[in-house]
Protein chains: 2
Amino acid sequence: MPSALIFIADGTEEMEFTITYDTLVRAGVHCQSAFVPADGSKTVNPPVAKGSRGIGIMPDVFFEPASCGPDKFDLLVVPGGAKGAETISKSAAVQELVRKYIDADKLVGMICAGSLAALTSKLPKQPLTSHPSVKAELDSDYEYSESSVVVSGKLVTSRGPGTAFPFALTLVELLLGKEKREEVRGPMIFPANTPF
Amino acid sequence: MPSALIFIADGTEEMEFTITYDTLVRAGVHCQSAFVPADGSKTVNPPVAKGSRGIGIMPDVFFEPASCGPDKFDLLVVPGGAKGAETISKSAAVQELVRKYIDADKLVGMICAGSLAALTSKLPKQPLTSHPSVKAELDSDYEYSESSVVVSGKLVTSRGPGTAFPFALTLVELLLGKEKREEVRGPMIFPANTPF
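Residues numbered from 1 in each chain as written. Chains lettered and ligands numbered in written order. Predicted model: local features only at pLDDT ≥ 70, side-chain atom pairs only at ≥ 80, totals over all residues. Heavy atoms only, no water.

Q: What should I look at first to understand unusual backbone geometry in this one?
A: Leave glycine aside and you will find that most residues have negative phi; peptide bonds, for their part, are mostly trans. Its identity is not glycine, yet Asp 105 of chain A carries a phi of approximately 65 degrees, on the positive side. If you trace the backbone, Asp 105 of chain A turns up in the loop between helix H3 (92-103) and strand S7 (107-111). (Helix = DSSP H or I, 4+ residues; strand = E, 2+ residues; numbered from the N terminus.)

Here you go:
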């Protein structure tokens with residue numbers, strides 16, 4: 001079964017994190033969340049990440065770059081939430097991993113302000129999207145799109161909590177196929193006419 | 001500002017919990033999550049709730065019925081997740097609070113298997129919905145509906161992770177009005193044509 005490493009930090013948008021992790025687990029993907037401490041912050045034990053709206057989430061592990069390479073996981077995910085995305089996207093170790101995953105032809109997902117990691121990781125000009133609040137930081141360096149989910153080679157980007165389900169379902173489809181996407185989607189009971 | 005008490009237990013569906021809590025916080029609702037231990041389970045410190053798909057969530061408080069009455073909060077929420085909903089809906093203290101909230105004309109929200117709490121709390125026959133997996137347990141005692149969100153007086157029920165956003169936005173509207181619902185919905189960036 002495929003596996004995913006999902007970053008989390010203080011200030012991560014907890015809906016984007018949870019929808020992605022949970023949906024991938026429903027598809028049978030082994031998920032591991034890794035806590036990225038803010039620059040200069042003291043680590044705590046246990047390291048509960050405080051989400052952007054105050055929910056405390058217990059990461060599976062501290063982020064240890066050496067055990068997170070593209071030989072270990074099939075997908076890397078950077079969730080949004082302004083403060084969390086800033087912490088994660090400014091981490092030099094995260095940036096290096098993003099480049100390594102793309103170079104190794106492994107998937108990298110970024111949602112909301114998490115798309116800033118494309119810029120900080122110096123990924124080349126290509127189509128992407130993000131939360132509108134960080135569009136101005138991205139649209140001169142990328143082919144900025146307002147689609148809910150943008151797949152550009154191995155880079156998959158999305159917009160916000162409202163696009164987190166189609167983002168997660170797209171990742172399921174890319175890892176395991178369209179049939180698995182439908183199998184996971186059914187029991188979630190989306191309203192009729194939901195466009196994803 | 002209104003306030004909400006959101007139950008959580010081991011096995012709670014973490015998307016339903018997180019989407020409801022986070023969306024309410026975005027609307028300015030003060031949210032407190034309360035951990036309901038499974039019958040006979042040992043309490044741990046800190047009491048991390050293990051969600052239905054393995055995400056560890058740190059509840060704000062242990063559930064102490066005496067400090068959770070309808071004089072303290074405007075809304076009570078029972079999330080789904082088979083095991084979590086069973087633990088919460090079988091708690092006599094939860095059942096008593098559900099009746100007290102309804103009697104005090106305060107809102108009670110139930111989603112997915114969480115709707116079983118209507119039955120265990122002996123709420124009278126009325127329209128409701130739930131996850132299809134528990135429909136058989138509810139449809140002889142209630143006017144079972146397959147709508148995504150059912151508002152019956154102060155009881156608001158919904159179906160699953162895929163209806164958690166319209167469930168949460170309906171609670172926002174009932175607490176704070178239609179304008180606040182739209183104000184919260186905008187920055188979430190739902191795809192065009194999303195039917196809620």
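Q: Mind showing me how you'd approach the relation of the copies chain A and chain B here?
A: Each of the two chain copies can be generated from the other by rotation about an axis followed by a shift along it. The operation relating chain A to chain B is a screw motion whose rotation component is 180 degrees, with 0.0 Å of axial translation and a residual RMSD of 0.0 Å. The symmetry that links the two subunits is that of a two-fold axis. Ranked by how close their C-alpha atoms come to the rotation axis, the residues of chain A are headed by Ile 57 of chain A, at 2.3 Å. A symmetric contact is evident, with 100% of the interface residues of chain A recurring at the interface of chain B. (Least-squares fit on C-alpha atoms with pLDDT ≥ 70 in both. Contact = heavy atoms within 4.5 Å.)

Q: Just to check I follow, could you spell out the sheet that holds strand S5 (residues 61-62) of chain B for this structure?
A: Strands belonging to one sheet form pairs held by backbone hydrogen bonds; the direction of such a pair is parallel or antiparallel. All names here are of chain B. Here seven strands make up an open sheet; going across it, the order is S5-S2-S1-S6-S7-S11-S10 and the pairing mixed. Each edge of the open sheet carries a strand with a single partner, namely S5 and strand S10 (149-152). Direction of pairing for S10 relative to strand S11 (residues 155-158): antiparallel, over a ladder of four bridges. The residue of S11 that forms the bridge with Val 149 is Ser 158. Relative to the sheet, helix H3 (residues 92-103) contacts strand S1 (3-8), strand S6 (75-78), strand S7 (107-111) and S11, its axis offset from that of S7 by approximately 130 degrees. (Pairing = 2+ DSSP bridges. Axes fitted to C-alpha atoms, helices over the stretch in contact; angles between N-to-C directions.)

That is the geometry; function is a separate question.
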